[in-house]
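These are the residues of each chain, in order.
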Amino acid sequence: MNPQAAPLTVAEPYLIQQDWAAYTPEQHAVWAELVHRRMPQLREHACREYLDGFHQIGLCEDTIPNLAEVNKRLGPRTGWNATPVSGFLPPDAFFEMLAARQFPTTTWLRSRNSLEYTPEPDIFHDVFGHVPMHAHPVFADFLQHYGKVCARITDSARGTAKDKLERMGRLFWFTVEFGVIRQNGQIKLYGSGLISSHGESTYVIESLRSGGANTARGPEIRDFNLDQVLDQQFLVSEMQKVLYAVESFDQIYEAAQQAEERLL
Ligand SMILES: [Fe+2]
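**Student:** Just checking my understanding: could you explain the side chain of arginine 170 for this structure?
**Tutor:** Among the secondary structure elements, arginine 170 is positioned in helix α7 (residues 161-177). When its relative accessible area of 9% is taken as the criterion, arginine 170 is described as buried. Discounting residues that sit within four places of it in the chain, arginine 170 has contacts with Val229, Leu230, Asp231, Gln232, Gln233 and Phe234.

Below, the structure is given as structure tokens:
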């Protein structure tokens, strides 16, 4: 735990300890299989900040991460922590944690029978997918700012909060979960929904191989535009039809600031 981290109040009932010693050899083996399945594709198609972050926070390919060890490396870099929680959080608790640079992190791992998909996030989605990006200073600032804006919307605009939070949810979806970035003229992945899913990533990459022209076989990749993103509906349960590509992570930090100006 980050000693400088602000105490959590709303999220406090959801905080748990990670019992790392209780993971079985089979669970470590499932983690290793998941990582080894994703890495060849990610070495080629993930953004460089993700790949740097993976090593900077000391993730191992063969063992489930010990969050205390991850935080010893992550905390000094950006002040973020991967903080163990019991499962899905209500929105106010989730935003409180992001605003405090504490990423709600599940500790359970999917079974070998559901390597590709779990309806709820697990430690593979949360840590392998999300946490490496938290080592990047600009992404780290963006994510905290996002949490602060959503927390303020929750507190201050009860009558219209639902609509505004739905719009902010789209910003999260098309960046943190399904974001892509242009680097050296190529589309690279950074959203956890892509990083942690072989099927979703392959759907995007195959489409890029065909020049991105055939949107029947892959998503349409548009230039990032905040107004479009805030209005863009999505389905959680299907392959994504539209993705938004940024030119730099400064762009999503600025988008969070602009969203704050528009919605608060
Ligand atoms: Fe996620």
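**Student:** I tried to follow the nonpolar core on my own but got confused; where do I start?
**Tutor:** Counting residues in hydrophobic clusters, the biggest one holds 72 residues, and the most contacted among them are Tyr50, Phe128 and Leu171. Tallying contributions element by element places helix α6 (residues 137-156) first for this core, with eight residues. Formed by seven residues, the second largest nonpolar core is a distinct cluster that contains Leu89, Ala93, Met97 and Ala100.

**Student:** How should I be thinking about the packing of aromatic side chains in this particular structure?
**Tutor:** Two measures describe an aromatic ring pair: the distance that separates the ring centres and the angle between the ring planes. Here the structure, examined in full by the defined rule, presents 18 aromatic pairs. With 5.8 Å between their ring centres and 80° between their planes, phenylalanine 54 and phenylalanine 128 make a pair best called edge-to-face. Remark: phenylalanine 128 occurs in helix α5 (residues 123-130) and phenylalanine 54 occurs in helix α2 (residues 48-56); sequence separation between them is 74 residues. Assessed through its relative accessible area of 1%, phenylalanine 54 is described here as buried.

**Student:** Would you take a moment to explain the pattern of salt bridges for this structure?
**Tutor:** For side chains bearing opposite charge, pairing can occur when the charged atoms are close. For the coordinates displayed, the defined rule picks out 17 salt bridges. One salt bridge connects glutamate 49 with arginine 48, and the closest N-O pair in it is separated by 3.7 Å. Given a relative accessible area of 14%, glutamate 49 falls into the buried group. Put simply, lysine 72 and glutamate 69 hold a salt bridge, and the shortest N to O gap is 3.2 Å. Taken together, the residues lysine 72 and glutamate 69, both in helix α3 (residues 67-78) and three residues apart, mark about one turn of the helix. If you follow the salt bridges from partner to partner, you end up with Glu26, Glu33 and Arg112 in one network.

**Student:** What exactly am I supposed to notice about the coordination of the iron ion here?
**Tutor:** In an ideal tetrahedron of four donors about a metal, each angle is 109.5 degrees. In an ideal octahedron of six donors, the angles are 90 or 180 degrees. Taken together, His125 (NE2), His130 (NE2) and Glu177 (OE) make up the protein donors of the iron ion, found 2.0 to 2.1 Å from the metal. Summarised as a motif, the one-chain spacing of the donors to the iron ion is H-x4-H-x46-E. Of the two residues examined, histidine 125 and histidine 130, each falls in the buried class.

**Student:** So what exactly am I meant to see when it comes to the packing of helix α4 (residues 91-99) against α6 here?
**Tutor:** The packing of two helices is summarised by the inter-axis angle and the distance between the axes. For the pair α4 and α6, the least separation of the axes is 7 Å and the interaxial angle reads 140°. Classified by the angle between their axes, α4 and α6 sit oblique to one another. Crossing angle aside, the handedness with which α4 passes α6 is left-handed. Packed against α4, whose contacting residues are Asp92, Phe95, Leu98 and Ala99, the element α6 presents Leu143, Gln144, Tyr146, Gly147, Lys148, Cys150, Ala151 and Thr154 at the interface.

**Student:** Any chance you could explain helix α9 (residues 198-209) here in plain terms?
**Tutor:** Given a rise of 1.5 Å per residue, 12 residues ought to cover 16 Å, and the 16 Å separating the end C-alpha atoms of α9 matches this to within 8%. The set of residues buried in α9 consists of Glu200, Ser201, Tyr203, Val204, Ile205 and Ser207. Close packing links the buried residues of α9 with α1 (25-45), β4 (186-189), α8 (192-195), β5 (220-223) and β6 (242-246).

**Student:** Even after reading the chapter, I still don't get unusual backbone geometry, so can you show me in this structure?
**Tutor:** Peptide bonds are trans in most cases, and residues, glycine excluded, mostly fall at negative phi. One non-glycine residue, arginine 101, adopts positive backbone phi at about 60°. By the element assignment, arginine 101 lies in the loop between α4 and β2 (102-105). A positive phi angle is found at asparagine 184, which is not glycine, with a value near 50°. Judged by its relative accessible area of 75%, asparagine 184 falls in the exposed class.

Criteria and cut-off values
Residues numbered from 1 in each chain as written. Predicted model: local features only at pLDDT ≥ 70, side-chain atom pairs only at ≥ 80, totals over all residues. Heavy atoms only, no water. Helix = DSSP H or I, 4+ residues; strand = E, 2+ residues; numbered from the N terminus. Buried < 20%, exposed > 50% of the residue type's maximum accessible area, 1.4 Å probe, protein only. Contact = heavy atoms within 4.5 Å. Core = buried A, V, L, I, M, F, W, Y, C linked by side-chain atoms within 4.5 Å. Phe/Tyr/Trp six-rings, centres within 6.5 Å; stacked < 30°, edge-to-face > 60°. Salt bridge = Lys/Arg side-chain N within 4 Å of Asp/Glu carboxyl O. Donors = N, O, S within 2.8 Å, 3.2 Å for Na, K, Ca; no water. Axes fitted to C-alpha atoms, helices over the stretch in contact; angles between N-to-C directions. Parallel < 35°, antiparallel > 145°, perpendicular 65-115°, else oblique. Left-handed = near helix turned anticlockwise from the far one by under 90°. Expected span 1.5 Å × (residues − 1).

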